[in-house]
Structures are given as structure tokens and as C-alpha cells.
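# Examining the three-dimensional arrangement
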Amino acid sequence: MSTPRFDLTGRTALVTGAGSGIGQRLAVGLAEAGADVGCLDLERQRPGLAETIDRIGTAGRRAITLIADVTDADQVDAAIEAHESQLGPLRIAVNCAGINHSARAEEMTDADWQRMMSVNLTGVFYCCRAESRRMLHHGAGSIINIASMSATIANRGLWQVHYNTSKAGVKHLTTSLALEWALRGIRVNSISPGYIATPMISGPEWKTKTDRFADETPMGRLGTPDDLVGPTVFLASDAAAYCTGTDLLVDGGFTGW
Ligand code: NAP
């Protein structure tokens, strides 16, 4: 069966957090669907970014490295300008950069709270704002924000009120921007992954927890970054032309219990 509406050939995509985990796999997945990709991450992620660029080259597409901290609006603006000057008009953006951290609410420091909001929520807003300026100019674009099922549920046994709140913010930011830009050519959607096996939840302190997460997931396993490629390509593509302001849960059924 031919599925031309999923084809991203001739489009350029920007992916933040592209040096690791989900962002890396999504950057490669968008390239496999035909896009040229700007791969953005922090300076310390250069080795991961080099691997991403290599894999995109193997997929036969162009890729560039963009070093920026999403908490710095000037760096985000400069990265998007570099993307357009080197790859062409920005049509797809996947805002995936994020952090996780745990602390009991009553013991949480101001710095822990502010850092979480700054990267996971303000960083996504800075990216959406800069991306929209280019996409509004072109009259077309698809923005996909990576939220979390933690936007919808509070995770049993994890003390992360700041993370959950930041992700609920991303989900509503997405709806709000989608409605603001609906008549101006930009679609904005979010994807809310369940537990996905990436460096974010792979340290030794996570081992017993991730065994439990797999048990508690109706599909009986953690997700992998591969599980997020199809949903992302769908939302990026013309196949999702009438989807905006939606949150797509990709969680193995977790939130249905
Ligand atoms: P990951 O492997 O740690 O990837 C996140 C990437 O974002 C890393 O390369 C990280 O760099 C980068 N980053 C962090 N702060 C940044 C900043 N200020 N500016 C630019 N880049 C920054 O984690 P992941 O699991 O792939 O997570 C990707 C996204 O999915 C996150 O938004 C996360 O909240 C979300 N998510 C993950 C899961 C899961 O179970 N893994 C579930 C739901 C949602 P450093 O590593 O150097 O900080």
C-alpha cells in the first residue's frame, strides 16, 4: 500500500535533545521518512549528536549540528536561524529536550523547581516561539512537543511534582498555541510517552523501578524510542492535516488502568 501522505521528502525538521534517547531516535526516524534534520542539543552532547548525524547520513538525508541551551532564548533563535540558512525553510519541529529529577516536595529546593520549569516548560515555549516566527512566515508548519504521561497522571512511587507540573504545562501550552495558530498554517500537537527505556531512566538507581514499571504497564514492557517514531512521523506529516491541539499518549496502555 502506498502512503504518500506520510512522506516527509523535501521538508526540513528540527529536533531538540537530538543527542540522546528519544530525540536521537526521532531525528533519525524523521530522516528515514524523508526529512533533512537540524539536530540540537547541549555542547556536552556533541558525541551523541555526531552519532545522530552519522545515522541520518546513512539514511541518505542531510543533517546539521546545532548547539544550544533551550533555556537561553538568544541561543534558540540563533540555532533556528542557522537551521534555515543551512537546510532551508523550517517545516517540522520536535521539541524533545528535557530533564528529570526526583525530590520530595517538602524538601525540594528553589533551584530544583526553577531548573525543571526552565528546561522542560520555558525551554519548550522559547522553541515554539522561535519556530513559529519562521513557520508563520512560510505559512506552514507542524510542531510536536514531547510531554509525558506524567502530564496526565502522577507516577506511583516517584517524587517529582516539579516534573509532572512542567509536563502538564507543556500539554496545555500545546493546546493554547494550537488554537492561536490554527488559522495561520501551524499545527501544534504533543506526544505523551509512558516509560521509555533511555538514559533518562537507565541509571542503577532505576533498575528496580523500571522492572516495576514494566509489570504495571498493560503491554508488559517498557517502551523504546522506536515506539515513538510512527506517532511522530504521523503528526509531522500531511496524514495529520486535521490534527491540532491533540495529545497523543504512547504508553503501552499505562494510563488506562
Ligand atoms: P535523555 O536521553 O536524557 O535526552 C534528553 C536530551 O535533552 C539530552 O541530550 C539532554 O542533554 C538534552 N537537554 C537537557 N537539557 C537541555 C537544555 N537545557 N538544552 C538543550 N538540550 C537539553 O532523555 P529522554 O528519555 O530521551 O527524554 C526526552 C524527552 O522525553 C524529555 O522531554 C522527557 O521528559 C520526555 N519523556 C521521557 C520519558 C522516558 O521514560 N524516558 C517518558 C516521558 C517523557 P543532557 O543529558 O546532557 O542533560
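Residues numbered from 1 in each chain as written. Predicted model: local features only at pLDDT ≥ 70, side-chain atom pairs only at ≥ 80, totals over all residues. Heavy atoms only, no water.

### Focus: the sheet that holds strand β6 (residues 186-193)
As a reminder, the rule being used: Two strands qualify as a pair provided that DSSP identifies no fewer than 2 bridges between them. Only DSSP runs of H or I reaching four residues or more are called helices, and only runs of E reaching two or more are called strands; each is numbered from the N terminus. Between N-to-C directions, angles span 0 to 180 degrees; the directions come from axes that are lines fitted to C-alpha atoms, helices contributing only their stretch in contact. Residue contacts are counted whenever heavy atoms from the two residues lie within 4.5 Å of one another.
What the seven strands build is an open sheet, ordered β3-β2-β1-β4-β5-β6-β7; its pairing is parallel. Looking at the sheet topology across the chains shown, the edges are occupied by β3 (63-67) and β7 (247-250). Averaged over all pairs of adjacent strands, the angle between their axes in this sheet comes to 20°, without regard to strand direction. In this sheet, strand β4 (residues 90-95) lies alongside strand β1 (residues 12-16) in parallel orientation, the contact comprising four bridges. Counted as the bridge partner of Val-15 is Val-94 from β4. Along the sheet, helix α1 (residues 21-32) makes contact with β1, β2 (36-41), β4 and β5 (141-146), crossing β1 at roughly 175°.

### A short note on helix α2 (residues 46-58)
For the α-helix, the turn length of 3.6 residues means that residues three or four positions removed from each other point alike. Which entries qualify depends on this criterion: For a helix, the expected span equals 1.5 Å multiplied by the number of residues minus one. Exposure is judged per residue with a 1.4 Å probe applied to protein chains only, and the accessible area is read against the type maximum: over 50% gives exposed, under 20% gives buried, and values in between give partly exposed. This arc describes the spread of directions from the helix axis toward the C-beta atoms.
Helix length check: α2, at 13 residues, gives a terminal C-alpha distance of 18 Å against a target of 18 Å (1.5 Å per residue), a fit within 8%. Looking at α2, one finds that the buried residues are Gly-48, Leu-49, Thr-52 and Ile-56. The arc enclosing the buried residues of α2, seen along the axis, measures out at 100°, which places them on a common side. Of the residues in α2, the exposed ones pointing more than 90 degrees away from the buried face are Pro-47, Asp-54 and Thr-58. In the core, the buried residues of α2 are packed alongside α1, β2 and β3. Phi turns positive, to about 85°, at Gly-60, one or two residues after α2.

### Some remarks on the side chain of Glu-216
Under the convention used in this document: Two N or O atoms count as a polar contact when they lie within 3.5 Å, although within protein this holds only if one can serve as hydrogen donor and the other as acceptor, and sequence-adjacent residues are included solely when both atoms are side-chain atoms.
Looking at where Glu-216 falls in the secondary structure, it is placed in helix α6 (residues 207-216). Here Arg-156 takes part through its side chain, which lies 3.5 Å from a polar atom of the side chain of Glu-216. Apart from the residues lying within four places of it in its own chain, the contact partners of Glu-216 are Arg-156, Phe-254 and Trp-257.

These figures capture arrangement, not role.
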